[in-house]
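Results of the structural survey
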Amino acid sequence: MTSTTRDGDIVIIGAASTPFGELFSRGFGDLVMEASTAALADAQLGLGHVDAAWLGTAFAYTYSDEGNAGTSLAEPLGLYDRPVTRVAAYCASGLEAINQAVNALKAKRCDVALVVGAEKMRDVSPRGSLVMQHVERGHPVLSKGRTAPGMFALIAERYRFTYGDPRAAMTGVALKNHAFGAQNARAHFRKPVSVDAVENAPQISGMIGMYDACPTTDGAAAVVLTRAELAGSGKKAVVRGIATSNDLGYFTVYFSDRFDFLGFEATRNAARRAYEEAGITDPLSQIDVAEVHDCFTITEVVNYEDLGFCGPGEGRDFVLTGASGPAGTLPVNTSGGLKACGHPIGATGVRMVVDICDQIWDRADKRQVEAATTGLAHALGGPGSLASVAVVTTA
Amino acid sequence: MVLGIEAAAIYRPRTRVGEQTLAALGEPKGIGRRIVSDDEDIGTMLVALLEKLGPAYVDLPLYLAAPGSSHESAIAIAVAEAVGISARDRRVDLWAWSPRALVSMLTSALSGVERTVVVAIDVGGRSIANPIAPTGDLAVAFVVGDPRIAELVSTTHITALTYDEWRNARLERAGPDPRFVEAALYADVGRSLVAELLKEAGLGADTGPRIALGLGSVVPFARGVRAVGGTPGRLALKLANKAGGDAVGGAAHILLAELSEAEEGSFVAVVGLSYGGDALLLRVGSDAVSVGALLRLKPSVERGLIWYLRTREVIPVEQPDPSTSFAELWRESPGLLGLHGSQCNSCNHISYPRRAICESCRSTDQLAYQLARTGTVITHTVDKLFPSAGQPVQMVAVAVDGGGQFYGQAASDVGDPIAVGEKTRLIVRRIHQGSHLSHYFWKVTRSD
């Protein structure tokens, strides 16, 4: 894809991420500071240049006391006397925070925007985990029995009934993403896995076993954005298109007969609008690398279909033929995805954009996709209630 | 003026503890015993029973004898009202949970001037002779009114210091002497009651009515009935010794058994004993033969010893008890339990829970709609992550007949997991406890 910048284009000029993992020695403030200063250094800027900031954190009071407002970013960085806003959109919090920064920059309400995604999830014991919090503090009736693995296990089962067994494809996603993660120094899990390990893992819910699920993780990622005409001559990545779509409720998502358990309307709608903005008419040929929301292996399979990489029911073949692999037509999750990187919820969307920037700035090392110029980031929240999609290209 | 028993219904749980489990608990050899699954309680049993009885009786006064506090019975009534099977302005009288209560309730109802529904529920009982073993769980309803099943002939009662020490569930100290109970309570009080019934009815002592006897005794049923002066019916004996409840529900069950085997025009005496006793005499009517169909058991799901010990709390089990907003429950449960949805008057889209704005076309023109109770399974999963004291929860999504979609737990007594494409129906079950309060919602079970 031929890329140029025009005045008014929103560009990323710095991108960085902390390592992801069980980071007991780092608090929320430590993580946001580390990601922010690294991203600003990457942009060759300092904190004094930032005139607005956004913090993507999904579940602030679930694990710690922080992340509930922009204060949790302003305080550790000393970003006072300027707007610092917390954005919450479940697992799409990070991408939606970028979306808001893009809007503000286009409206010229700021010149340099810092966007940080962060989540601190491992400070609590498993009894205090996201699952338990949701069970105990969710809707007193509608959420009883509902877990994230369970909700995607329902999709795997319906997929099996409609198109055939997705097990081999789910295993393929796990193998691919852990292989990528093994080459990513920032990933939570850095070892490859075997077919045997994946398919004989303890079962969590339905077809979802332990190796079909992403972990909960600590981590933060940050990007620095500005308008193209202010960016100077340094490296740039253009946000060609970005969109978020809300299409279903939260506790009522599976009570809606608009939901067919085979894919997500929110992803399709967000992708359609981001593609339109970015001039993408054929994702498979126009996108070189993608980071998609693989909270569970089946999710990546249906994401391929919802994002238009292949048709309905063809997601299994997309991974089994190697099309989403390192030498494939469209490598997906070369970072290792949520599967291997881990999923600090608010950080994930920003981390995806950081990884896309690494690809199109040719700094992905062993995971580099040759001549990558256009990347896609996709996050799904709710799960299923909303989604965000961003298309980022070289300048 | 009401004259007899007009209709009846019975709810027997699907779950059964089998012979091996009962043997391990020290029970004599016999068939399994039906007890409630871990998501059932008085409330869910009452709903299931009233649904079997049918909608024709929803606003009749209700007499209810059930274990636990009056608070628990009140919750059960409220759940039935929210589901729509009990009228909001229905008069409810709560009775003590004792073997004698059935006769008391029937006597009171039969003496009244309005039709009445009499409900007897046994749940969570333990054998007086063997406190670790369960007695059967069941719920029985009689509609007192037109004497189609049986006609009231006479009633009587005796008060006596018979020191029978009845307990509803557990022995707190050494139990009553069976020899004394048999002699004093059954042979003395029981025989006197039956003799008085016959005398009041102008019947000879040789009339020999079948005896429906309130249980809860250390004296075996057959000996108890013989001591009173009757002959235990074959079916009644089987039910009393093997599968029935030990209190008011068990007594009601025995009455149904006797009515099902009695010839039209013959007599059945219902006797409830405790520090004296109450008794009433019924003449069997033309519809009594239909009672037999109620007693036929449907297939069961067998559960083992560990399940029984945990769910009956013989082994203490730490139950999660998250905090619940009572305001939220008060505000939302009626609509959720009533299956109150909405249908868009513009595009006909059906939503549940109810919406003010259509999620399909965003029209604000929404009509009230009640979701159907049947549907077809779209997908499912057995979730081992969701905390559950019993077996892992199966979550099921159902395409509801007529429109709409339901997502929720499978009932804990479905047996094998429900599969995609199966026909199912929704039933009310307990879903969990929060702030020490049971929460109720719809669960999915197979269609009969």
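Shown above is the structure to which this text applies.
These notes cover the structure that comes with them. Keep in mind it's a predicted model, so treat the numbers as computed, not measured.

1. Examining the pattern of salt bridges
All names here are of chain A. Counted according to the given criterion, the structure contains 44 salt bridges over all chains. Where arginine 351 meets glutamate 291, a salt bridge forms, and the shortest distance between an N and an O atom there is 2.9 Å. Taken together, the residues arginine 351 in helix α14 (residues 345-360) and glutamate 291 in strand β9 (residues 289-291) connect sequence positions 60 residues apart. Both residues of the pair, arginine 351 and glutamate 291, belong to the buried class. Linking arginine 363 and aspartate 358 is a salt bridge whose minimum nitrogen-to-oxygen distance equals 2.7 Å. The buried category is assigned to aspartate 358, whose relative accessible area is 7%. Each of Asp42, Arg186, Lys235, Glu291, Arg351, Asp355, Asp358 and Arg363 takes part in one network of salt bridges that share partners.

2. Here's the deal with the sheet that holds strand β4 (residues 112-119) of chain A
Each strand in a sheet pairs with another by means of backbone hydrogen bonds, the pair being arranged parallel or else antiparallel. Residue and element names in this part refer to chain A. Across the sheet, which stays open at both edges, the nine strands sit in the order β3-β2-β4-β7-β1-β8-β11-β10-β9 with mixed pairing between neighbours. Taken across any chain shown, the strands that pair with only one partner, and hence form the sheet edges, are β3 (84-87) and β9. Put simply, the sheet's adjacent strands are angled 25° from each other on average, direction ignored. Pairing of strand β10 (residues 374-381) with strand β11 (residues 386-394) involves eight bridges; the strand directions are antiparallel. Bridging across to β11, glycine 375 finds its partner in valine 392. Packed on one face of the sheet, helix α4 (residues 93-106) meets β1 (10-17), β2 (52-56), β3, β4, β7 (219-227), β8 (237-246), β10 and β11 and runs near 115° to β8. Taken strand by strand, helix α9 (residues 265-278) contacts β8, β10 and β11, and its axis lies near 150° from that of β8.

3. Notes on helix α6 (residues 221-228) of chain B
Residues and elements named next belong to chain B. Burial analysis of α6 places six of its eight residues in the buried class, which makes it a mostly covered element. Listing the buried residues of α6 in full gives Phe221, Ala222, Gly224, Val225, Ala227 and Val228. Positioned one or two residues after α6, glycine 229 has a phi angle of 120°, which is positive.

4. As for α14(A)
All names here are of chain A. Compared with the 22 Å implied by 1.5 Å per residue over 16 residues, the 24 Å span of α14 between its first and last C-alpha is a close match. In terms of burial, α14 is a largely internal element, 16 of the 16 residues being buried. Directly after α14, the chain includes aspartate 362, whose backbone phi takes a positive value near 60°.

5. Quick word on the interface of chain B and chain A
By a widespread convention, an interface's size corresponds to the accessible area lost as its parts come together. The interface of chain B with chain A comprises 36 residues on the first partner and 34 residues on the second. Our enumeration of links across chain B and chain A arrives at one salt bridge. Among the salt bridges present, the one from Glu359(B) reaches Arg258(A), with a minimum N-O distance of 2.9 Å. Our enumeration of links across chain B and chain A arrives at 14 residue pairs in polar contact (both at pLDDT 80 or more). At the level of elements, α11 (326-337), β16 (374-383), β17 (393-400), β18 (405-409), β19 (423-434) and β20 (437-446) of chain B are the ones that each hand at least two residues to the side of chain B that touches chain A. Counting residues per element, the side of chain B that touches chain A draws most heavily on β16(B), which supplies six residues. Of the residues assigned to the side of chain B that touches chain A, the class counts are 19 nonpolar, twelve polar and five charged.

6. Regarding the packing of aromatic side chains
Counted by the stated rule, this structure contains 18 aromatic pairs over all chains. Taking the centre distance of 5.5 Å and the plane angle of 35° together, the rings of Phe259(A) and Phe264(A) count as tilted. Here Phe259(A) matches Phe264(A) in class, with each residue buried. The interplanar angle of 45° and the centroid separation of 5.3 Å between the aromatic rings of Tyr63(B) and Trp95(B) together place this pair among those described as tilted. One end of the pair, Tyr63(B), is in strand β4 (residues 62-65); the other, Trp95(B), is in strand β5 (residues 92-95), and 32 residues separate them in sequence. Taken together, Phe152(A), Tyr254(A), Phe255(A), Phe259(A), Phe261(A), Phe264(A), Phe296(A), Tyr352(B), Phe406(B), Tyr407(B) and Phe441(B) form an aromatic cluster joined through their ring pairs. Of note, Arg146(A) hangs over the ring of Tyr250(A), and the distance from its end group to the ring centre comes to 4.6 Å.

7. Things to note about a nonpolar patch on the surface
There is a patch of nonpolar side chains on the surface, built from Leu161(B), Tyr163(B), Phe180(B) and Tyr275(B) and spanning about 410 Å² of accessible area. Examined against the element boundaries, Phe180(B) turns out to sit in helix α5 (residues 178-200).

Definitions and cut-offs
- Residues numbered from 1 in each chain as written.
- Chains lettered and ligands numbered in written order.
- Predicted model: local features only at pLDDT ≥ 70, side-chain atom pairs only at ≥ 80, totals over all residues.
- Heavy atoms only, no water.
- Salt bridge = Lys/Arg side-chain N within 4 Å of Asp/Glu carboxyl O.
- Helix = DSSP H or I, 4+ residues; strand = E, 2+ residues; numbered from the N terminus.
- Buried < 20%, exposed > 50% of the residue type's maximum accessible area, 1.4 Å probe, protein only.
- Pairing = 2+ DSSP bridges.
- Axes fitted to C-alpha atoms, helices over the stretch in contact; angles between N-to-C directions.
- Contact = heavy atoms within 4.5 Å.
- Expected span 1.5 Å × (residues − 1).
- Polar contact = N/O pair within 3.5 Å; in protein donor to acceptor, adjacent residues only side chain to side chain.
- Nonpolar A, V, L, I, M, F, W, Y, C, P; charged D, E, K, R; others polar.
- Phe/Tyr/Trp six-rings, centres within 6.5 Å; stacked < 30°, edge-to-face > 60°.
- Lys NZ or Arg CZ within 6 Å of the ring centre and 35° of its normal.
- Patch = residues over 30% accessible without salt bridge, like charges linked within 9 Å, V, L, I, M, F, W, Y side chains within 5 Å.
- Areas by Shrake-Rupley, 256 points an atom, 1.4 Å probe, with all protein chains shown as cover.

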